[in-house]
Every structure is written in C-alpha cells, then in structure tokens.
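Chain by chain, the residues:
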Amino acid sequence: MRDLYSVLGVKRDAAADEIKAAWRTKAKSIHPDQNREDPNATKRFAEIGRAYEVLKDPAKRNRYDEQRSKVEAMQRENTIMQQRQAAQEAAERAKAAKANAERVMAELAEAEAAKAKADKAAAAEKAAAEKAKAAKTAAANGAAANANGQANPDGKSGGKANAKSEKPEDVVSRIFGETAEAQAAADALRQDGTKEDEHAEAREAAAARGLAPLELLSYFVRRIRGGQPPPEKAPDLFVETMVAIDDLLNELSVLTTLPDGRDVRVTLQSGLTEGSTVRLKGQGLKVPGMTRGDVVVTIRVVKSDTFTIDGFDIKTVLPITLENAVLGCETTVETPTGPIEITVPAWSGSDHVLTVDDQGLHNGEGGRGALKVELRVILWEKPDEKVTDLMRIMREGLYL
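Before going into details, it helps to say that this report is about the structure given with it. Computed from a prediction, not measured in an experiment: that's the story for all the values here.

Rules used in this analysis
Starting afresh in each chain, residues are numbered from 1 along the sequence in its written order. Per-residue local features are limited, in this predicted model, to residues with pLDDT of at least 70; the limit for side-chain atom pairs, both in listing and counting, is 80 or more; totals at the level of whole chains, interfaces and linings are taken over all residues. Based on all heavy atoms of the structure, the side-chain values leave hydrogens and waters out of the count. Every helix listed is a DSSP run of H or I at least four residues long, and every strand listed is a run of E at least two residues long, numbered separately from the N terminus. Think of it in three bands: with a 1.4 Å probe and only protein chains considered, a residue is buried below 20% of the maximum accessible area for its type, exposed above 50%, and partly exposed in between. Residue contacts are defined here by distance: any two heavy atoms, one from each residue, within 4.5 Å place the two residues in contact. Here the Shrake-Rupley method, with its probe set to 1.4 Å, supplies the accessible areas, and only the displayed protein chains count as covering residues. Two distance rules govern patches: like charges are joined within 9 Å, and nonpolar side chains (Val, Leu, Ile, Met, Phe, Trp, Tyr) within 5 Å, applied only to residues with over 30% relative accessible area and no salt bridge. Salt bridges, as used here, are contacts in which a Lys or Arg side-chain nitrogen is within 4 Å of a carboxyl oxygen on Asp or Glu. Between any two strands, pairing holds if DSSP finds at least two bridges. The convention used is that axes are lines fitted to C-alpha atoms, helices contributing only their stretch in contact, and that angles between N-to-C directions extend from 0 to 180 degrees. Only buried Ala, Val, Leu, Ile, Met, Phe, Trp, Tyr and Cys residues count toward a nonpolar core, and they belong to the same one when joined by side-chain atoms within 4.5 Å. Stacked, tilted and edge-to-face are the three classes assigned to paired rings of Phe, Tyr and Trp, where Trp is represented by its six-membered ring and a pair needs centres within 6.5 Å; plane angles under 30 degrees give stacked, over 60 edge-to-face, the rest tilted.

1. Considering the overall build of the chain
A count of helical and extended segments in the chain gives 12 helices and 11 strands. When the 400 residues of the chain are sorted by exposure, 26% land in the buried category. Within the chain, counting contacts between residues at least 6 apart in sequence, those at least 24 apart form 53% of the total. As displayed, the chain has an accessible area near 26,700 Å², and 53% of this comes from carbon and sulfur atoms.

Here it is, written out as structure tokens:
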C-alpha cells in the first residue's frame, strides 16, 4: 500500500495548508511539461494528484488513516513473525553447532584417554626395563662395594663415595619406592636439563609439603612442558541491529535480540555509522570445554525520507525557487537536530551541493561529519508571462 504522505513529502500530522503547499510544490517540480524527457512524469504527476485528492478531504483522509493503520499493524505482525522464525532457525543452527562441538569434544576426550592409556602402558614397560637395569647395576655396585669394603674395613671412604655418586632419579626411587609413578618421575628427572641444586630444592619442597609420587611427577612434567595451553574460543555470533540517526547523534544504547532469544545492550559510541561493527566480548555462544565467544553487532541505520547517511556525513535535499537559484538567498534547512540558517550562492542550479561542517555524525576523533545539502530548483505555482518570454528569447533569440 503506497504511503500518500510520503508521496507528498509531509508528516502524518500535517495540516491541510501544509498538504496543499506540498502538493503545489511537487506538482510544479514533476509536471509533464517540465519533464518531457522523463517517460514516468505523467504517472508520477497523477500519483501526486490522487494523494492530494484523498488527503485534502477530512473524511477520505480518516478512512485512509484507518486503513493504513490496519495495513501497518499487519506488516508489523508479519515482521515479528519473520523475526521469530529467523531467531528460531538461528537457535536451531546454534543448537546443531553446539551438538557438533560436544561430539568433537567427546571424540577428543576419547582420543586423549586412549593416548593416556598408551602412555601409561609405555611408562610401565619402561619402568620394568629400568627396574631390571637398576637391579643389574645394583648387583654390580654391590660386588664393587664388597670389594671396596674388604679394602677399607671401616667403610667410611666407600660410603662417602656412594652418597656423592647418587643421582636424582636414584633419590626418587629410594624415597618413593620402585613404583611405576616413581620410575616415571625418575625418567622425567633424567630428561630435565635443570641443575642438581634445583632438583634438590624440588625434593625438599616435595618432602615438606608431603607430595605423593604422582604429584611430584606432575611437578616435573609441568616444568618440562611449560604448562597446559589455554582452551580454545567458541565461534563468534554475528547479528545486525537497526538504529535511528538520532540514536547515533545522542550516542544512546539500544537493545538487540540474539538468535537464542537473549537481549543484549549495544552502546552507540562515537565513531559508528552505517555498516560499523561493535564487539561484545564474552556474550556469545557457550560450548563445553571452550571459552565463551563474542557477539559482533553490525550497525544498520533506519531509512528516512529526509536524510541519508554517507560515512559520517548526513545528506538532505532543499527545494528553492528559480529566482533564489539565480540571485542567491538566505534560507533555512532541516537537520536531525533542528533547522539551521544557510546561504545559497547566486547561480546555484539543481544538484549543486552545499556543505555545512560539524552537522553530521560523530567521527570518533572528537569531530563530526558534514551536512550535505543538495539543491532542487522548482518553478512557481502559476506560469509567469515575463519569465516565459525571457526564456523564449534566451532560447530562440530576439526578433524585431
């Protein structure tokens, strides 16, 4: 359903005089005689006439307003249903993504468990080999000690040599026994490149705190590997939100509904415009075993009949009469924050753009964009013979 108020370029609460003046201005600017090269001029001129015929009559206007309200209510209901359907579909996609992520995490957990089991079996096998080797070494050392004891009956010199030659992994075995955990800890000590005094400090700290063999093993593994890597981050959630120009100018905050039904608040800080994005950290998807993702909100500016957005600039159109276009004038132009005074230079034709600085959106650097005013030259309501003769002379020349 065509909006008749938009056809004439007036507001819903416009008075009868304002509607009549808008119709006259529109009729002059798009009259077929003035737009002979436009094949749609007649159609647009008739559309303006039909809009004026309805809106100038109070009874017809009331019936149109009622009908228009019903249509808009239906459109809003359809929009809400579409938004709900889109939210439901997005929630189903998020649910599927979550299930897929849980499946992947379960598979990873199974793989880790299998790897840990294999590592444990390898450690046990290695521990058995080390135990056998240690037993063989102990037998050899025992024979050497017996020989040394015979040479040194008091045993002082031999005992000192044994204490001095004891290795860190032997200390672990002596303290915690010949268990698989102890053998693994001893193996970690052999692979660690730290100094002997550092091992001694670790052993003393472990003894003071009463650490079990497995805890001591974990201590050395952490030192060797440098800790565990941080968990991965869940995928970001991308949404769009509609805002008005006034919201951006006043740097307000708006509510945005996510596909899962949650509402998040987006603060419209300086430096935002059409297509800008705002990242809300830690408010996105929840996936087990992963840190929470972000919400990335794309800014979309609501379309207006009066203003358009170009970067941080605001564009509008200003109709002027022929005499003001030729001679120049002082006039007012509407902005999102109210009317301002501007100067139209002489010989300013249609499509001429006037720039008013610091009347646009906040650019995030302490300044603002500009207001771009595009001029539109219109004729008077009734033809003027003097102007017509002047235009004919300019086109065809003066004949005496």
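2. As for a nonpolar patch on the surface
Where nonpolar side chains cluster on the molecular surface, the patch consists of Leu 390, Met 391 and Met 394 and spans about 320 Å² of accessible area. Among the structural elements, Leu 390 can be located in helix α12 (residues 385–396).

3. Notes on the sheet that holds strand β1 (residues 237–243)
Judged by pairing direction, the sheet is mixed, and its three strands sit side by side in the order β1-β5-β4 without closing on themselves. Sheet topology places β1 and β4 (277–280) at the edges, where each strand pairs with a single neighbour. Taking the axes of each pair of neighbouring strands and ignoring which way they run, one obtains an average angle of 30° across the sheet. The pairing of β1 with strand β5 (residues 295–301) spans seven bridges and is classified as parallel. Each bridged residue has a counterpart across the sheet, and for Leu 237 the counterpart in β5 is Val 295.

4. A short note on the nonpolar core
In this structure, Leu 268, Ile 342 and Val 373 are the most contacted members of the largest nonpolar core, which totals 34 residues. The greatest single-element share of this core, amounting to four residues, is contributed by β5. Ignoring any residue separated from it by four or fewer positions in sequence, one finds Val 373 in contact with Thr 316, Leu 318, Val 333, Ile 342, His 352, Val 353 and Leu 354. Membership of the second largest hydrophobic core comes to 14 residues, among which are Leu 4, Ala 14, Ile 48 and Tyr 64.

5. Overview of the packing of aromatic side chains
The tally for this structure, following the rule as stated, stands at two aromatic pairs. Look at Tyr 5 and Tyr 64: their rings are 6.0 Å apart centre to centre, the planes differ by 45°, and that puts the pair in the tilted class. In this pair, Tyr 5 sits in helix α1 (residues 4–8) while Tyr 64 sits in helix α4 (residues 58–151), placing the two residues 59 residues apart along the sequence. Overall, the relative accessible area of 2% leaves Tyr 5 in the buried class. For Tyr 64, a relative accessible area of 7% translates into the label buried. For the pair Trp 23 and Tyr 52, a centre-to-centre distance of 4.4 Å together with 5° between the ring planes defines the contact as stacked. You can see Trp 23 sitting in helix α2 (residues 16–29) and its partner Tyr 52 sitting in helix α3 (residues 41–55), a full 29 residues away along the chain. By relative accessible area, Trp 23 is classed as partly exposed at 27%.

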